[in-house]
Amino acid sequence: QVQLVESGGGLVQAGGSLNLSCAVSGSSNPINTMGWYRQAPGKQRELVAATTSAASANYADSVKGRFTISRHNAKNTVYLQMNSLKPEDTAVYYCYASIVFGPMRTSNYWGVGTQVTVSS
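Criteria and thresholds
- Residues numbered from 1 in each chain as written.
- Predicted model: local features only at pLDDT ≥ 70, side-chain atom pairs only at ≥ 80, totals over all residues.
- Heavy atoms only, no water.
- Helix = DSSP H or I, 4+ residues; strand = E, 2+ residues; numbered from the N terminus.
- Buried < 20%, exposed > 50% of the residue type's maximum accessible area, 1.4 Å probe, protein only.
- Polar contact = N/O pair within 3.5 Å; in protein donor to acceptor, adjacent residues only side chain to side chain.
- Contact = heavy atoms within 4.5 Å.
- Disulfide = S-S within 2.5 Å.
- Pairing = 2+ DSSP bridges.
- Axes fitted to C-alpha atoms, helices over the stretch in contact; angles between N-to-C directions.
- Phe/Tyr/Trp six-rings, centres within 6.5 Å; stacked < 30°, edge-to-face > 60°.
- Core = buried A, V, L, I, M, F, W, Y, C linked by side-chain atoms within 4.5 Å.

**With respect to the side chain of Arg 38**
Topologically, Arg 38 is positioned in strand E4 (residues 31-39). Residue classification places Arg 38 among the buried residues on the basis of a relative accessible area of 5%. Within the local environment of Arg 38, its side chain forms a polar contact with the side chain of Glu 46, the two groups lying 2.7 Å apart. In terms of polar contacts, Arg 38 uses its side chain to reach the side chain of Ser 62, at 3.3 Å. Dropping the residues within four chain positions of it, Arg 38 is found in contact with Gln 44, Arg 45, Glu 46, Val 48, Ser 62, Val 63, Phe 67, Glu 88, Asp 89, Ala 91, Val 92 and Tyr 93.

**Re the state of the cysteines**
Throughout this description, disulfide means a covalent bond between two cysteine sulfur atoms. Following the criterion strictly, the structure yields 1 disulfide and no others. Sulfur-sulfur distance for the disulfide between Cys 22 and Cys 95 comes to 2.0 Å. Here the disulfide of Cys 22 and Cys 95 is left-handed, its torsion about the S-S bond being about -80°. Taken together, the residues Cys 22 in strand E3 (residues 18-25) and Cys 95 in strand E9 (residues 91-102) connect sequence positions 73 residues apart. In this structure Cys 22 comes out as buried when scored by relative accessible area, which is 0%.

**Topic: the environment of Leu 85**
With respect to the helices, strands and loops of the structure, Leu 85 is situated in the loop between strand E8 (77-82) and E9. In contact with Leu 85, other than residues within four places in its own chain, are Val 12, Ala 14, Gly 15, Gly 16, Ser 17, Leu 18, Arg 66, Phe 67 and Val 118.

**Focus: the sheet that holds E8**
Read from one edge of the open sheet, 4 strands run E1-E3-E8-E7, paired in antiparallel fashion. Here the strands that pair on one side only, and so sit at the sheet edges, are strand E1 (3-7) and strand E7 (67-72). Sheet twist, expressed as the average angle between the axes of neighbouring strands with direction ignored, equals 15°. Pairing of E7 with E8 involves 6 bridges; the strand directions are antiparallel. Across the sheet, the residue bridging to Phe 67 is Met 82, located in E8.

**Quick word on the packing of aromatic side chains**
Within a pair of aromatic rings, the relevant descriptors are the distance that separates the centres and the angle that separates the planes. Across all of its chains, the model carries 4 aromatic pairs by this definition. Where Tyr 37 meets Trp 110, the ring centres are 5.3 Å apart and the plane angle is 65°; that geometry is what we call edge-to-face. Of this pair, Tyr 37 sits in strand E4 while Trp 110 sits in strand E10 (residues 105-110), placing them 73 residues apart in sequence. Under the relative-accessibility criterion, Tyr 37 is labelled partly exposed at 23%.

**Describing the nonpolar core**
As a rule of thumb, nonpolar side chains are buried together in soluble globular proteins. Counting residues in each nonpolar core, the largest one holds 28 residues, and the members touching the most others are Val 24, Trp 36, Val 48, Phe 67, Leu 80, Met 82 and Tyr 93. For this core, the secondary structure elements donating two or more residues are E3, E4, strand E5 (46-51), E7, E8, E9 and strand E11 (114-119). For this core, the element with the most residues is E9, which contributes 5 residues. The residues contacting Tyr 93, other than those within four sequence positions of it, are Glu 6, Leu 20, Trp 36, Tyr 37, Arg 38, Val 48, Phe 67, Leu 80, Met 82, Gly 113, Thr 114 and Val 116.

Put into structure tokens, the structure is as follows:
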């Protein structure tokens, strides 16, 4: 059974930093894309950052220059370094992984989320 376990959330003052991590277990299949979404109260879930197995990355405009996504393929782990945090970054952050089960066949898995709260 595939599981994604997130860690690293918490409460931080504006301007501070947090580092989220997410480890995938329960599958030895290749992982294509890994990334992070977030959902603030009353808002839709939005993509924060994603990275492919080839280490290319894309970011939401709102976090460019402040957040960095990285991954350790051997550990099936993805990280999100968040610097210069702002109150508007407050949200539940969800990790996801797109696992390859065959040609043109992938499945997306999600973590349960970790709360990030940035105080002003």
